[in-house]
Amino acid sequence: MHAICSDRRCSIAIKLSYLLPFIICSPTFLVFEILETKVVENGTVATLYHLGLSTIARVNHELLYMIHLWTYAVIIKLLPCLILTVVTISLINALSEASERKAKRLPTQQQMARIRNMKLKKRMDRTSRIMIAVLLLFLATEFPQGILGLLSGILGRGFFQTCYSLFGELMDMLALLNASLNFVFYCCMSKQFRVAFGQLFKAQPSIMFKPNNILETFV
């Protein structure tokens with residue numbers, strides 16, 4: 001655990017989490033632009049502004065637009081769902097194996113050892129519930145968007161306009177829901193998370209710059 005979650009690797013992961021979204025989502029800035037439409041209302045000309053395909057996205061049979069849809073569906077939505085599922089299952093299995101190994105090392109015939117073993121099992125179960133809740137919430141909010149985006153890439157722009165666009169606001173609400181409820185889940189289901197979060201606001205700068213200090217709280 002400490003070999004994998006080192007300070008250096010954690011710092012690299014944090015920096016990549018800030019950098020990669022800009023790179024992966026860069027086609028979005030080229031595909032869409034603000035368009036204006038002139039309409040006549042009550043004898044006066046009004047200008048309406050709306051989001052539409054850019055000039056670059058319309059050339060070459062909308063090639064850039066199709067690349068954007070496939071990137072959005074596969075790399076931004078479906079691939080993270082797959083990775084998070086695999087990582088969560090692996091972590092739960094690792095926690096379960098670690099709990100069993102510690103249980104075998106403890107002299108369970110002694111009362112104190114049995115109490116420690118029960119506390120360890122409860123802590124492992126709580127951590128597993130947190131990860132499962134986060135995984136299910138993420139899949140519930142991101143997987144439908146990935147499927148709709150994938151169908152838009154397969155079936156073309158017509159499906160995007162007639163089906164995907166109808167659920168645009170709902171998709172945005174789900175994304176916001178995922179981002180906000182994750183924090184609530186952690187706070188409600190883990191005392192260790194609340195303690196570690198509270199320590200970030202105390203006069204202990206070493207905690208903020210040493211990720212392992214926080215990770216050790218959950219292990």
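Residues numbered from 1 in each chain as written. Predicted model: local features only at pLDDT ≥ 70, side-chain atom pairs only at ≥ 80, totals over all residues. Heavy atoms only, no water.

With respect to the overall build of the protein
If you tally the helices and strands in the protein, you get nine helices and two strands. Going residue by residue from the N terminus, the α and β elements of the protein occur as α-α-β-β-α-α-α-α-α-α-α. Across the 219 residues that make up the protein, the buried fraction comes to 27%. Counted over contacts in the protein with a minimum sequence separation of 6, partners at least 24 positions apart contribute 56%. (Helix = DSSP H or I, 4+ residues; strand = E, 2+ residues; numbered from the N terminus. Buried < 20%, exposed > 50% of the residue type's maximum accessible area, 1.4 Å probe, protein only. Contact = heavy atoms within 4.5 Å.)

Structural notes on the confidence of the model for the protein
Interpretation of this model should avoid reading the predicted coordinates in detail wherever pLDDT is low. Per-residue confidence for the protein gives a mean pLDDT of 76; residues scoring 70 or more make up 79%. In the model of the protein, helix 9 (residues 211-218) stands out as the element of lowest mean pLDDT, 46, in contrast to helix 1 (residues 7-24), which has the highest, 85. (pLDDT = per-residue confidence, 0-100.)

Here's the deal with helix 6 (residues 168-189)
Compared with the 32 Å implied by 1.5 Å per residue over 22 residues, the 31 Å span of helix 6 between its first and last C-alpha is a close match. The sharpest bend along helix 6 reaches about 25 degrees and sits at Leu181. Restricting attention to buried positions, one finds in helix 6 the residues Met171, Leu174, Asn178, Asn182 and Cys187. (Expected span 1.5 Å × (residues − 1). Bend = angle between axes of the 7 residues up to and from the residue.)

Regarding the side chain of Thr71
Looking at the element boundaries, Thr71 is found in helix 3 (residues 55-105). Sequence-distant contacts of Thr71, defined by excluding residues within four places in its chain, comprise Ile24 and Ile76.

As for the pairing of strand 2 (residues 44-53)
With 10 bridges joining them, strand 1 (residues 32-41) and strand 2 adopt antiparallel strand pairing. Bridge pairing in strand 2 places Glu36 opposite Tyr49. Linkage of strand 1 to strand 2, two consecutive antiparallel strands, is achieved through a turn of two residues, within which Asn42 is found at a positive phi near 55 degrees. (Pairing = 2+ DSSP bridges.)

Points about the packing of helix 6 against helix 7 (residues 191-199)
Running from amino to carboxyl end, helix 6 crosses helix 7 at an angle of 110 degrees, the nearest separation of the two axes being 5 Å. Between helix 6 and helix 7, the angle falls in the class roughly perpendicular. Residues Phe183, Tyr186, Cys187, Cys188 and Met189 of helix 6 lie in contact with helix 7, whose contacting residues are Lys191, Phe193, Arg194 and Phe197. The residue makeup of the contact of helix 6 with helix 7, split by class, is seven nonpolar, no polar and two charged. (Axes fitted to C-alpha atoms, helices over the stretch in contact; angles between N-to-C directions. Parallel < 35°, antiparallel > 145°, perpendicular 65-115°, else oblique. Nonpolar A, V, L, I, M, F, W, Y, C, P; charged D, E, K, R; others polar.)

Things to note about the environment of Gly156
Its place among the elements puts Gly156 in the loop between helix 4 (111-155) and helix 5 (157-162). Through-space distance from the C-alpha of Gly156 to that of Met66 is 8.0 Å; in sequence the pair is 90 residues apart.

Some details on the environment of Gly146
Relative to the elements of secondary structure, Gly146 occurs in helix 4. Along the chain, Gly146 and Trp70 lie 76 residues apart, while their C-alpha atoms are 9.3 Å from each other. The contacts of Gly146, once residues within four sequence positions are left out, are Ala73, Lys77 and Leu78.

Regarding helix 1
Over its 18 residues, helix 1 extends 26 Å from the first C-alpha to the last, a length consistent with the 26 Å expected when each residue adds 1.5 Å. At Ser17, helix 1 shows its largest kink, close to 30 degrees, and the proline Pro21 lies no more than four residues downstream.

Re the UniProt feature "transmembrane region" (unreviewed entry) in the protein
The feature "transmembrane region" (unreviewed entry), as annotated in UniProt, sits at residues 12-32, 69-95, 130-150 and 170-189 in this numbering. Between the end C-alpha atoms of residues 130-150 there is a gap of 29 Å, over a span that is 100% helix and 0% strand. (UniProt positions renumbered as here; feature names shortened; annotations may be inferred.)

Structural notes on the nonpolar core
Residues Val31, Tyr65 and Tyr164 are the most contacted members of the largest nonpolar core, which totals 13 residues. Examining the composition of this core, we find that five residues originate from one element, helix 3, more than from any other. (Core = buried A, V, L, I, M, F, W, Y, C linked by side-chain atoms within 4.5 Å.)

As for the pattern of salt bridges
The final tally for this structure, using the stated rule, is one salt bridge. The salt bridge involving Lys77 is made with Glu142; its shortest N-O contact spans 2.6 Å. Placement of Lys77 in helix 3 and of Glu142 in helix 4 is noted, with a sequence separation of 65 residues between them. Comparing Lys77 with Glu142 shows no difference in burial state: the two are buried. (Salt bridge = Lys/Arg side-chain N within 4 Å of Asp/Glu carboxyl O.)

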